[in-house]
Amino acid sequence: MARMTHQDHRIQNTGATSPEALALEDLVSEADAEELQDLARRYAISAPRHLIDLIDKGAESDPIALQIVPSLQELITTNDERVDPIGDHTHSPLKGLVHRYPDRVLLKVHSACAMYCRFCFRREMVGPGGDMMTDTDITEALDYIRKHTEIWEVILTGGDPMMLSARRISTFLDALDCIEHVKVVRFHTRLPVAAPERVTEDLSAALANRRATVYVAVHSNHAREFSEEALAACQRLTDVGIPLVGQTVLLKGINDNAEMLADLFRTMVEARIMPYYLHHPDLAPGTSHFRVSIETGQALMKQLRGRISGLAIPTYILDIPGGYGKVPVGPSYISDSEDGALEIQDINGQSHIYQPQKSNAL
Ligand SMILES: *Cc1c(COP(=O)(O)O)cnc(C)c1O
Ligand code: SF4
């Protein structure tokens, strides 16, 4: 086969899904592309055209490039990292279904994503050839949800559930709408920022006007991801009445400073996305170069409080390794003082004594 020229490649390609293609886009050197071959066999690569075009190639470390261009550092696995970092397997009664909290289940309906984030906590599972739920798996999952009347919310994740066609999503939501106790359906997706052109009017129409309330959680880690096209994609969802929440992963070198986080969360609020969670990075294999300490995360959260609108402040969350669930790990402003009083820290770091009401000694 004749070698593609730069020009051909750009015309034919909707993005880069191999080290060679990344080299043609000038995102890695030819030599690095060669070295990345092994890694590419282990972890999927996809840099969608929309995001490639947002990269500032002159910058030494572009926050978008860092999220989609693989690096050899991913071959370094530390002792604390695990294939199943948040213990999905221990709570999975059926293929593709995770039931950790009584009132909500997670369904991993689709293993493919528009982009493959280099820090993905499910990187061992996601990919174009990954294990999708078959129609039989979906039928079984629906039976399970029907039988478990305590399930109030169904959370669709993956991979990226919005990669499914509008028609498949519609069929699936029709089925959930028939299960009376399911009141909320939540999609976790990166599509509005990764491939906004795929958030079509057909897709938003499939989510709209349901019996169950549909929420969409948009994963985004940097304000630069909110291009004009991305903002328009979000608007196609809010226009039909879909509430949006934001999901962010705290990432070293990408958003680990207060300025960038403030910028990101404000951009979200402006786009009608309520910042919901700031995730402490999970212990996924080959991601240590992205991890910061919890102390760093807490210090950043402290810098945000008071400085930006409360609407723009998510909860800082750790999914405890091993399958113990998510807990807030944000800073504390309260400590014990003398005589049962409490010491409360204000946003400038000054302490104040708060005398709690004496409980009635009966
Ligand atoms: C993260 C997660 C959820 C959702 O948790 P919320 O705190 O409701 O956002 C539900 N089930 C599983 C298994 C999860 O990992
Ligand atoms: S979009 Fe989500 S599931 Fe897909 S690679 Fe990124 S973090 Fe992982």
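These figures come from a predicted structure and were not determined experimentally. (Residues numbered from 1 in each chain as written. Chains lettered and ligands numbered in written order. Predicted model: local features only at pLDDT ≥ 70, side-chain atom pairs only at ≥ 80, totals over all residues. Heavy atoms only, no water.)

K.L.:
Would you mind showing me how to read the overall build of the protein chain here?
P.N.:
If you tally the helices and strands in the protein chain, you get 13 helices and 14 strands. Against the globule reference of 21 Å for 362 residues, the protein chain gives a C-alpha radius of gyration of 22 Å, in line with a compact fold. Taking the principal axes of its C-alpha atoms as reference, the protein chain extends roughly 90 × 50 × 40 Å. A total of 362 residues make up the protein chain; the buried ones form 51% of that total. The long-range fraction of contacts in the protein chain, counting pairs at least 24 apart against all pairs at least 6 apart in sequence, stands at 74%. Each charge sign in the protein chain was given a centre, from 35 positive and 50 negative side chains, and these centres are 4 Å apart. (Helix = DSSP H or I, 4+ residues; strand = E, 2+ residues; numbered from the N terminus. Rg over C-alpha atoms; globule rule 2.2 N^0.38 Å. Buried < 20%, exposed > 50% of the residue type's maximum accessible area, 1.4 Å probe, protein only. Contact = heavy atoms within 4.5 Å. Lys, Arg positive; Asp, Glu negative; His and termini not counted. Charge placed at Lys NZ, Arg CZ, Asp CG, Glu CD.)

K.L.:
Would you mind going over the packing of helix α7 (residues 135-147) against helix α8 (residues 166-177) with me for this structure?
P.N.:
To describe two helices that pack against each other, one gives the angle between their axes and the distance between the axes. Running from amino to carboxyl end, α7 crosses α8 at an angle of 25°, the nearest separation of the two axes being 11 Å. In terms of orientation, α7 and α8 fall into the roughly parallel class. Regarding α7 and α8, the two cross each other, and that crossing is right-handed. On α8, the residues touching Asp 135, Ile 138, Leu 142 and Ile 145 of α7 are Arg 168, Phe 172, Ala 175 and Leu 176. Residue composition of the contact of α7 with α8, grouped by class: six nonpolar, no polar and two charged. (Axes fitted to C-alpha atoms, helices over the stretch in contact; angles between N-to-C directions. Parallel < 35°, antiparallel > 145°, perpendicular 65-115°, else oblique. Left-handed = near helix turned anticlockwise from the far one by under 90°. Nonpolar A, V, L, I, M, F, W, Y, C, P; charged D, E, K, R; others polar.)

K.L.:
Got a minute to help me understand the site of ligand 1 in this structure?
P.N.:
The environment of ligand 1 is formed by Val 98, Arg 100, Tyr 101, Arg 104, Leu 106, Ile 155, Arg 186, Tyr 276, Tyr 277 and Lys 326. Arg 186 has a polar side-chain atom sitting 2.9 Å from an oxygen atom of ligand 1. Residue Tyr 277 places a side-chain N or O atom 2.5 Å away from an oxygen atom belonging to ligand 1. In isolation ligand 1 exposes 380 Å². Once the protein is present, 91% of that is buried. (Near = heavy atom within 4 Å. Polar contact = N/O pair within 3.5 Å; in protein donor to acceptor, adjacent residues only side chain to side chain. Areas by Shrake-Rupley, 256 points an atom, 1.4 Å probe, with all protein chains shown as cover.)

K.L.:
Can you help me understand the pairing of strand β3 (residues 97-101) in this one?
P.N.:
Working note: regular strand, side chains alternate between the two faces of the sheet. Across the five residues that make up β3, a large majority, four, are buried. What sits between the antiparallel neighbours β3 and strand β4 (residues 104-110) is a turn of two residues. (Pairing = 2+ DSSP bridges.)

K.L.:
Is there a simple way to explain the site of ligand 2 in this structure?
P.N.:
Around ligand 2, the neighbouring residues are Cys 113, Met 115, Tyr 116, Cys 117, Cys 120, Gly 159, Arg 190 and His 219. Here the shell around ligand 2 is composed, by residue class, of five nonpolar, two polar and one charged.

K.L.:
Whenever I open this one, the domain arrangement of the protein chain confuses me. Can you help?
P.N.:
Much of the literature gives interface size as the accessible area that the parts lose upon coming together. Each domain of the protein chain was delimited in the assignment, giving domain 1 (13-75) and domain 2 (89-328). When each unit is reduced to the centre of its C-alpha atoms, the spacing between domain 1 and domain 2 is 24 Å. Across the interface of domain 1 and domain 2, roughly 2000 Å² is buried in total on both sides, 55% from carbon and sulfur atoms. Contact with domain 2 buries area across many residues of domain 1, yet Tyr 43, His 50 and Gln 67 alone supply 33% of it, more than any other trio. (Domains from an automatic or database assignment. Buried area = accessible area lost by both parts, 1.4 Å probe.)

K.L.:
Just to check I follow, could you spell out a negative patch on the surface for this structure?
P.N.:
The grouping of Glu 20, Asp 32, Glu 34 and Glu 35 at the surface amounts to a negative patch. By the element assignment, Asp 32 lies in helix α3 (residues 30-35). (Patch = residues over 30% accessible without salt bridge, like charges linked within 9 Å, V, L, I, M, F, W, Y side chains within 5 Å. Salt bridge = Lys/Arg side-chain N within 4 Å of Asp/Glu carboxyl O.)

K.L.:
Mind showing me how you'd approach the packing of aromatic side chains here?
P.N.:
The geometry of two aromatic rings is summed up by the distance between their centres and the angle between their planes. A complete count under the given rule lists two aromatic pairs for this structure. Ring centres of Phe 119 and Phe 290 lie 5.6 Å apart, and the angle between their planes is 85°; this geometry places the pair in the edge-to-face category. Of this pair, Phe 119 sits in the loop between β4 and α7 while Phe 290 sits in the loop between β9 (273-279) and α13 (294-304); the two residues are 171 residues apart in sequence, bridging distant segments of the chain. Each member of the pair, Phe 119 as well as Phe 290, carries the same accessibility label: buried. (Phe/Tyr/Trp six-rings, centres within 6.5 Å; stacked < 30°, edge-to-face > 60°.)

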